[in-house]
Structures are given as C-alpha cells and as structure tokens.
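# Fold and contact review
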Amino acid sequence: MTTLIQGGQVVSPAGAVEADVLVDGERITAVAAPGVLTGDETIDAAGKYVLPGGIDAHTHMEMPFGGTQSADSFETGTVAAAWGGTTTIIDFAVQAKGTSLLSTLDKWHGKADGHCAVDYGFHMIVSDVNDASLKEMRACVEAGVGSFKMFMAYPGVFYSTDGEILRAMQQAREIGATVMMHAENGIAIDELAAQAYAAGRVGPVEHGRTRPPELEGEATSRAIRLAEVTGSPLYIVHLSAAQALAAVAQARDEGQNVFAETCPQYLYLSIEDLAKPGFEGAKYVASPPLREKPHQADLWRGLRTNDLSVVSTDHCPFCFKDQKELGRGDFRAIPNGIPGVEHRMDLLHQGVVAGEISLGRWVETCSATPARMFGLYPRKGVIAAGSDADIVIYDPAAKQTLSAETHHMNVDYSAYEGFELSGKVHTVLSRGRVVVSPEGFSGGAGHGKFLSRGLNQYLN
Ligand code: URP
Ligand code: ZN
Ligand code: ZN
C-alpha cells in the first residue's frame, strides 16, 4: 500500500521545494516534482511544509534524579514527542556508580523496549570511570551506542574529575566515539550554593545565581582543552551561556572536532522566570540554569553560524506538585529539569517566523544535523528515497497557545504556559504509519523501534 503526500513544500537544509513524496510501507520510495507520482492513498499537504521527522537527541524519560524520577515514561514521553513532530528521541542510559555500562544498557532497554511510540536510541552516561567501564565503551559502540555523556557538574553524583574525563576521552578517541559534556564547574558551584544556603538565600532563583555563566564558560574551555589533548570528538550539551559559545566557536574556527547543542528554554526563557514570586521559579530549575536575557541573542546567532549545530530539549520533566516541591526551603533539592519534548519543533519554527533562522536551518538543527551527529543519516533526517518515512506535515498558518491544559507530556505545568505560536503540526508519520493527524493520535506504544546508531558522521 502506497501513500502519496501531495502538494506540499518539502523542506531540507537547502530550503523548500514543491514536491510530492511517495511512501511504501515504512520507507520513502520517491520524491518528485508535483503531479508525477501516484499512490493508493493521498494526503493533501497543500499550503503546508513537509519535513523530515524531528530528532530530539537529548531526552530523559524515567530518569532517576534527586531521589525521584522524571515524570514521563518512555510511552508518555514518546507520545508527546510525536504530537510535536519529533519521530526519534535519543535518551540517556545512566550508569550508577559501582555498576557496569552493559548492565546499564540492558536496564534501559528494559524500560524502553516495547513502550515507545516513536523510534529511539541511547547515549550512555558514564559516571564511574574505571578500567572495566572504559573497556565496555567499545562494546557499547558495537551495541549501537556511540556517544558517552560525562559531567563536570554534580559532585558526588555524576561528576568526573579531569583525570577521569581524560581517560574516557582517550578511549573515545581510540574507538571513534563522541564524548558529550555537561560543562559546568560543579566544585565551585557547590561551594557557592552552600554559601547561599548558609546565608538564608534558599529560593529557586539562587539556583541560577550560584551557577554563573562564567563557570559554564570555564568548564567548556577546559573540556575543549582535554579533548584537544586527547584528540577526542566533543559535543557540548545544553549550552546556555555566551561565554561557553565563544569557547566553542574558537575551537571550531581552529578546526577541532567540537560541536554543541542548545535548547529552546535557553532561547526563550530567562533567569527572570526563575525569580518568579514564591516557589513558582522551581518550574524553571534546570542545569545549566536559565540565563540573563542578553544570552539569547548570542544563542540565536550561534544557531545561524553553526557554532550551535543542534537543538535538543533536555526534556527532563518533574511535576511541580510533590517533585519540584522537594526543594521548598532549599533550592539545592529541587529536581533539575524542564519539560519540552513536545514543543521543540514549534518553538524553533517560531524562530523562523521571527526571522532568527531560516526554514532550512530549522530543519537542519532539529532533524538533519542530529541525524548525522549521532550516526542515523540517511535513514533519518532527510526526505529522500530509501529513508524511513518519518515525515511531519506542518501547517505554518495554524495558531496555537501552549498550555499544561492541552499538552500531552505527563507533567502538571508548562514552562511555556500562554505562549502564542504561529505554526502547528498537522500530520505525523513514523516509519510510514500515521501516528498524529487532525483526528488525533493513532500510533501506539511499541511501534517505536530501538535504533542501533553508527558513529558521528561529522568527524574530520
Ligand atoms: O537540569 C537538567 N539538565 N536535568 C537533566 C540532567 C542533565 O544534566 O542533562
Ligand atoms: Zn546535563
Ligand atoms: Zn540532560
């Protein structure tokens, strides 16, 4: 059975062209000028964009954190992703200290397999660097997990010393893997946070004030130097600060394999949200923290210049009630994370509407580049014959208002409550199956398959 998506504008990093797209089973079989192809069924895409499905390369479903766990399961989180035009997520398996990487991977397969509504892959969080786990990195690559996140933040939890990072980078260089870095100076931050608490400054805004942008810039520079010394590819996750962006831009100008992502919350929200009255600011606690507004212009520029190559969400939802509330009276105990997997495509389309990025750049940062960065191209990230039929039909003329009342994420608030946006997902196909349409959600848990990924396709 074939389906023809007819009359739309197919968007790629090169821009938009009028074309029809033929889908047969799970794959795209042809893309041609309007009127050339026929199909058993048609979907009318007139007046709409036809995009490769979004790839969110940074999510945390069912993630244990701060004595609780993130509120979206792999099922609820991937259903919400589909609603927002994201047809692939790459989540993080989290090594607990004293456990092995491969048992961690098994555990995360146990959580996700058979439950996801869209395709998914894993990165591995390495929090216990030792001979055994370094050796297991190679087996992870063979199991389709070729990217390893490390933390310069969260001492006592995920934190690795510079020496441990150096050793993991040496191994990454050896096996062709990419090290992903949470770059904040956690040792200095914990000291500032302890001082704030001791001085009676305990509210959510202190989370931002005790994690200054300079300490993200410093850690980013240090990670870059360690990557330079070892020759490891480096991908800076959730970059939020102008200082960190400057370090990435310089390394890239010098030809180093350094890449970075930012997230919608850093483009649209600010420390003013963290400073909302009462405990409201807890909704916006994530690390790195939301910054002063002037950083936003730098981040948009970074997206235009490709110093920021990817937009991911760092979707890590904790309900306000009972979860964020764990930190009433001590901002250090507020679980870190902001929900957003459903809204990335829309929020970045708003950047197109506002003239911050082009239509092509929207698709490039949200789909094509994450596919290449994490070894999924051309199966994902492109509308082309032979690629998976992960397709979003997007209506740029539709209007919507974001709200917890209407979103599909399993979380009791929206960080974007009341945001009025132009553009909305109309129809979503995941491997050829219509999973979202104006009639509603027609996908299912278990439709999503594990993606065994290749290595970073950008390395020089
Ligand atoms: O606040 C955040 N970002 N929570 C998720 C964990 C991480 O560091 O990515
Ligand atoms: Zn992080
Ligand atoms: Zn994260």
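Residues numbered from 1 in each chain as written. Chains lettered and ligands numbered in written order. Predicted model: local features only at pLDDT ≥ 70, side-chain atom pairs only at ≥ 80, totals over all residues. Heavy atoms only, no water.

## Some points on the sheet that holds strand β14 (residues 258-262)
Taken in spatial order, the eight strands make up an open sheet running β6-β9-β10-β11-β12-β13-β14-β15, and their pairing is parallel. Looking at the sheet topology across the chains shown, the edges are occupied by β6 (54-59) and β15 (310-311). Alignment of strand β10 (residues 119-125) against strand β11 (residues 147-151), held across two bridges, turns out to be parallel. When the sheet's bridge partners are listed, Met 124 is paired in β11 with Phe 148. The strands touched by helix α8 (residues 242-253) are β13 (234-236) and β14; relative to β14, the strand with the most contacts, the crossing angle is about 145°. (Pairing = 2+ DSSP bridges. Helix = DSSP H or I, 4+ residues; strand = E, 2+ residues; numbered from the N terminus. Contact = heavy atoms within 4.5 Å. Axes fitted to C-alpha atoms, helices over the stretch in contact; angles between N-to-C directions.)

## Side note on the domain arrangement of the protein
According to the domain assignment, the protein consists of domain 1 (2-51 + 384-441) and domain 2 (53-373). On the domain 2 side, the residues contacting the 39 residues of domain 1 number 48 residues. Connecting domain 1 to domain 2 are one salt bridge. For Arg 431, the salt bridge is made with Asp 119, and the minimal N-O distance between the two is 2.5 Å. In this assembly, domain 1 and domain 2 are joined by 15 residue pairs in polar contact (both at pLDDT 80 or more). Sorting the residues of the side of domain 1 that touches domain 2 by element identifies β1 (2-12), β2 (15-24), β5 (49-52), β16 (391-401), β17 (420-430), β18 (433-437) and β19 (440-441) as the ones contributing at least two each. Counting residues per element, the side of domain 1 that touches domain 2 draws most heavily on β17, which supplies nine residues. Each residue belonging to the side of domain 1 that touches domain 2 can be placed in one class, and the counts come to 23 nonpolar, ten polar and six charged. (Domains from an automatic or database assignment. Salt bridge = Lys/Arg side-chain N within 4 Å of Asp/Glu carboxyl O. Polar contact = N/O pair within 3.5 Å; in protein donor to acceptor, adjacent residues only side chain to side chain. Nonpolar A, V, L, I, M, F, W, Y, C, P; charged D, E, K, R; others polar.)

## Observations regarding the packing of aromatic side chains
Scanning the entire structure with this criterion turns up 18 aromatic pairs. Judged by centre distance (6.2 Å) and plane angle (40°), the ring pair of Phe 259 and Tyr 458 falls under tilted. In this pair, Phe 259 is assigned in strand β14 and Tyr 458 in the segment after β19, connecting sequence segments 199 residues apart. Taking relative accessible area as the criterion, Tyr 458 reaches 30% and is therefore assigned partly exposed. Aromatic pair Tyr 416 and Phe 419: ring centres 5.4 Å apart, planes at 80°, arrangement edge-to-face. Of the residues examined, Phe 419 reaches a relative accessible area of 23% and is grouped as partly exposed. An aromatic cluster is defined as three or more aromatic residues linked by ring pairs; in this entry it consists of Phe 65, Phe 151, Tyr 154, Phe 158 and Phe 318. One residue, Lys 111, lies across the ring of Trp 108, its end atom 4.2 Å from the ring centre. Over the aromatic face of Tyr 197 sits the side chain of Arg 332, whose NZ or CZ is 4.1 Å from the ring centroid. (Phe/Tyr/Trp six-rings, centres within 6.5 Å; stacked < 30°, edge-to-face > 60°. Buried < 20%, exposed > 50% of the residue type's maximum accessible area, 1.4 Å probe, protein only. Lys NZ or Arg CZ within 6 Å of the ring centre and 35° of its normal.)

## Comments concerning the coordination of the zinc ion (ligand 2)
Within the protein, Lys 149 (NZ), His 182 (ND1) and His 238 (NE2) serve as the donor atoms for the zinc ion (ligand 2), at 2.1 Å. For the zinc ion (ligand 2), the single-chain donor residues occur in sequence as K-x32-H-x55-H. (Donors = N, O, S within 2.8 Å, 3.2 Å for Na, K, Ca; no water.)

## Some words on empty space enclosed by the protein
Within this structure, the stated rule accounts for one cavity of 30 Å³ or more. By volume, the largest cavity is sized at about 120 Å³. What lines the largest cavity is a set of 16 residues, and nearest its centre among them are His 60, Tyr 154, Ser 287, Asp 314 and Asn 336. Partitioning the lining of the largest cavity into residue classes produces seven nonpolar, seven polar and two charged. (1 Å grid on protein atoms, 1.4 Å probe; cavity = no way out; pocket = protein on both sides within 12 Å on 5 of 7 lines; lining within 4 Å. Points joined across faces, edges and corners; volume = space filled by probe spheres on them.)

## Describing helix α2 (residues 101-112)
An ideal rise of 1.5 Å per residue puts 16 Å on twelve residues; α2 measures up with 16 Å between its terminal C-alpha atoms. Buried within α2 are the following residues: Leu 101, Thr 104, Leu 105, Trp 108, His 109, Lys 111 and Ala 112. For α2, the angular spread of buried residues about the axis comes to 160°, placing them on one side. Residues of α2 that are exposed and point more than 90 degrees away from the buried face comprise Asp 106, Lys 107 and Gly 110. (Expected span 1.5 Å × (residues − 1). Arc of directions from axis to C-beta.)

## With respect to the coordination of the zinc ion (ligand 3)
The zinc ion (ligand 3) binds to the protein through His 58 (NE2), His 60 (NE2) and Asp 314 (OD), with metal-donor distances spanning 1.9 to 2.1 Å. Note that the zinc ion (ligand 3) binds four donor atoms; their angles at the metal cover 89 to 132°, and the shape is tetrahedral. Going along the chain, you hit the donors of the zinc ion (ligand 3) in the pattern H-x1-H-x253-D. Between the zinc ion (ligand 3) and the zinc ion (ligand 2) the interatomic distance comes to 4.0 Å. Pair check on accessibility: His 58 and His 60 agree, each one buried. (Tetrahedral: all angles 85-135°; square planar, octahedral: opposite > 155°, others 65-115°.)

## Digging into the side chain of Thr 68
Residue position: Thr 68 is located in strand β8 (residues 68-69). Of the polar contacts made by the side chain of Thr 68, one reaches the side chain of Gln 323; its length is 2.7 Å. Non-local contacts of Thr 68, meaning those with residues more than four positions away in its chain, are made with Met 63, Phe 318, Gln 323, Leu 326 and Pro 335.

## Let's talk about the environment of Trp 362
Positionally, Trp 362 belongs in helix α13 (residues 359-373). Distance in space between the C-alpha atoms of Trp 362 and Thr 401 is 20 Å, their sequence separation being 39 residues. In contact with Trp 362, not counting residues within four places along its chain, are Tyr 49, Leu 51, Met 345, Leu 348, His 349, Val 352, Ile 357 and Tyr 394.

## With respect to the layout of surface pockets
Unoccupied space between atoms shows up once a probe the size of one water molecule is rolled over them. In this model, the largest pocket occupies a volume close to 380 Å³. In terms of lining, the largest pocket is formed by 19 residues, of which the most central are Phe 65, Tyr 154, Arg 211, Arg 332 and Asn 336. Looking at the lining of the largest pocket, the elements that each hand over two or more residues are β7 (64-65) and α5 (186-198). The leading source of residues in the lining of the largest pocket is α5, at three residues. Residue composition of the lining of the largest pocket, grouped by class: twelve nonpolar, four polar and three charged. Roughly 310 Å³ of volume is contained in the second largest pocket. In terms of lining, the second largest pocket is formed by 19 residues, of which the most central are Trp 83, Glu 342, Gln 400, His 408 and Lys 424. Tallying contributions element by element places β17 first for the lining of the second largest pocket, with three residues. In terms of residue class, the lining of the second largest pocket is made up of five nonpolar, eleven polar and three charged.

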